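Observations on the three-dimensional arrangement
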Amino acid sequence: MDYSILVNKEHPLDKNYIPCDLVEYSEYNGSKIDHNHKTLVNKTALDAFFKLQVNAKLDGHHIVIDSAYRSYNYQMDILNHYLEYNGNQAYSFVALPGTSEHQTGLAIDISVYKNGEYTDKLSEDMPEIVWMNNNAWRFGFILRYPKDCTHITGFKYEYWHFRYVGNEIAKEMHDKNIKTLEEYKQNKKHR
Ligand SMILES: [Zn+2]
C-alpha cells in the first residue's frame, strides 16, 4: 500500500478499486446513515489510530472513528441520500464517488465521547479537535482538508477528517509546515 496515495477531484479512484488490507473497527460509533455498515480501516492505519487513541486518553480525550473506508458504491449511496434531502446542494459537501479518499481505507472521520456520551457534534475549537491538530502527525496522520486550502485540496475545511500517510511523511509535513498532501507530492516531484 502506498500511504502517500493522492485522491482528489483530479485524481479519482477507479470504481473497482478496493484496498486489500482492511480490518474491522468495532468500537461503537453512531453512524446515522446505515447502522449495519461495518467500519473498515486499513490495518496499519488502524494500529496507528489505536496508539493515537491511547495517547489522547492520557491527555483526557476520548476519540473514536466515526467513519473510515467507503466503497465506491457506498459513497454513491451517501450522495444519493443527501441529494434526496438537499437537492443539488449535496454536491457541495459530499464527494463524488471515486474522488473520496475514504475509498482508500486510509481516511478517518472522528467523533468523541464527552463524559462517557458519544457525540458527533464537533467544533473546531473543542479540546479533542485541538489535540488532534497538534498531535495527529506523531502517529502518522494529517489533517487532510485544512482551513484556507480549498483552492488546493478542492474540499472545504474538514476539521474531523484525518488521513493516514505514515510517520515519515506526517513528520516531514509537520516539520516543513507543508499543509496539504497535494503540496507535499508536488514538492517531491520537483526534487
Ligand atoms: Zn471524511
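Structure first, text after, so check above.
Below is a summary of the structure that appears in this document. (Residues numbered from 1 in each chain as written. Predicted model: local features only at pLDDT ≥ 70, side-chain atom pairs only at ≥ 80, totals over all residues. Heavy atoms only, no water.)

1. Digging into the overall build of the protein chain
Our working definition: Here a strand is any run of E in DSSP of at least two residues, a helix any run of H or I of at least four, and the numbering for each starts at the N terminus. Burial classes follow relative accessibility: with a 1.4 Å probe on protein chains only, a residue under 20% of its type's maximum area counts as buried, one over 50% as exposed, and anything between as partly exposed.
Along its length, the protein chain carries six helices and seven strands. Along the protein chain, from the amino end to the carboxyl end, the secondary structure elements read β-β-α-β-α-β-β-α-β-α-β-α-α. Taking the principal axes of its C-alpha atoms as reference, the protein chain extends roughly 45 × 40 × 35 Å. Taking all 191 residues of the protein chain together, the buried fraction comes to 49%.

2. A word on helix α6 (residues 181–189)
Just so we agree on the cut-off: For this quantity, the arc is that covered by the directions from the helix axis to the C-beta atoms. Contacts between residues were defined by any pair of non-hydrogen atoms, one from each residue, lying within 4.5 Å.
Of the residues making up α6, those classed as buried are Leu181, Glu182 and Tyr184. Burial along α6 is one-sided: seen end-on, the buried residues are contained in an arc of 165 degrees. The inward-facing, buried residues of α6 contact β6 (141–145), α4 (150–153), β7 (158–164) and α5 (167–175).

3. Describing the pattern of salt bridges
How we decide: Salt bridge, as applied in this entry: a Lys or Arg side-chain nitrogen positioned within 4 Å of an Asp or Glu carboxyl oxygen.
This model, assessed by the stated rule, comprises 10 salt bridges. When salt bridges with common partners are traced through the structure, they connect Glu101, Arg144, Arg163 and Glu182 into a single cluster.

4. Observations concerning the coordination of the zinc ion
This is how it is decided: The rule for donors is simple: an N, O or S atom within 2.8 Å of the metal counts, and for Na, K and Ca the reach is 3.2 Å. Water is not among the atoms, so a site may look short of donors. All geometry calls rest on donor angles, where a four-donor set with angles between 85 and 135 degrees is tetrahedral, four- and six-donor sets with opposite donors more than 155 degrees apart and all others between 65 and 115 are square planar and octahedral, and all else is irregular.
Coordination of the zinc ion by the protein comes from His102 (NE2), Asp109 (OD), Asp109 (OD) and His161 (ND1), over a distance range of 2.0 to 2.8 Å. Here the zinc ion is ringed by four donor atoms whose angles at the metal span 51 to 151 degrees, and the overall shape comes out irregular. Within one chain, the residues donating to the zinc ion are spaced in sequence as H-x6-D-x51-H. One end of the pair, Asp109, is in strand β4 (residues 107–114); the other, His161, is in strand β7, and 52 residues separate them in sequence.

5. Section: the pairing of β4
This is how it is decided: At least two bridges found by DSSP between two strands are what make those strands a pair.
With respect to burial, β4 is a largely interior element, seven of its eight residues being buried. Of the pairings in the sheet, the one linking strand β3 (residues 62–67) to β4 comprises five bridges and is antiparallel in character. Looking across to β4, one finds that Val64 is bridged to Ser111. In this sheet, strand β5 (residues 117–119) lies alongside β4 in antiparallel orientation, the contact comprising three bridges. Following the sheet pairing, Lys114 is matched in β5 by Glu117. Hairpin connection between β4 and β5: a loop of two residues separates the two successive antiparallel strands, and Asn115 in this loop has a positive phi of roughly 50 degrees.

6. Considerations on the environment of His62
Looking at where His62 falls in the secondary structure, it is placed in strand β3. Of the residues examined, His62 reaches a relative accessible area of 22% and is grouped as partly exposed. Measuring from C-alpha to C-alpha, the distance between His62 and Ala107 comes to 19 Å, with 45 residues separating the pair along the chain. Not counting residues up to four positions away in its chain, the partners in contact with His62 are Glu27, Gln53, Lys57, Ser111, Val112 and Tyr113.

7. So, the nonpolar core
This is how the line gets drawn: Nonpolar core, defined: a set of buried Ala, Val, Leu, Ile, Met, Phe, Trp, Tyr and Cys residues in which side-chain atoms within 4.5 Å join the residues together.
Of all hydrophobic cores here, the largest spans 33 residues; its most connected members are Phe49, Ile108 and Phe141. Counting residues per element, the ones that place at least two in this core are α1 (43–58), β3, β4, α3 (127–135), β6 and β7. With six residues, α1 is the single largest residue contributor to this core. Within the second largest apolar cluster, nine residues are counted, among which are Ile142, Val165, Ala170 and Met173.

8. Re the packing of aromatic side chains
Test applied: Only rings of Phe, Tyr and Trp enter the pairing, Trp through its six-membered ring, and a pair is recorded when the two centres are within 6.5 Å. The plane angle decides the type: under 30 degrees is stacked, over 60 is edge-to-face, the rest tilted.
Within this structure, the stated rule accounts for 11 aromatic pairs. Taking the centre distance of 6.2 Å and the plane angle of 55 degrees together, the rings of Phe49 and Phe50 count as tilted. According to the relative accessible area criterion, Phe49 is buried, its value standing at 0%. For Phe50, a relative accessible area of 35% corresponds to the partly exposed category. Each ring, one from Trp131 and one from Phe139, has its centre 6.4 Å from the other, and the planes form 25 degrees; the classification is stacked. As far as the burial class goes, Trp131 and Phe139 line up, both buried.

Coordinates in, geometry out; function isn't part of it.
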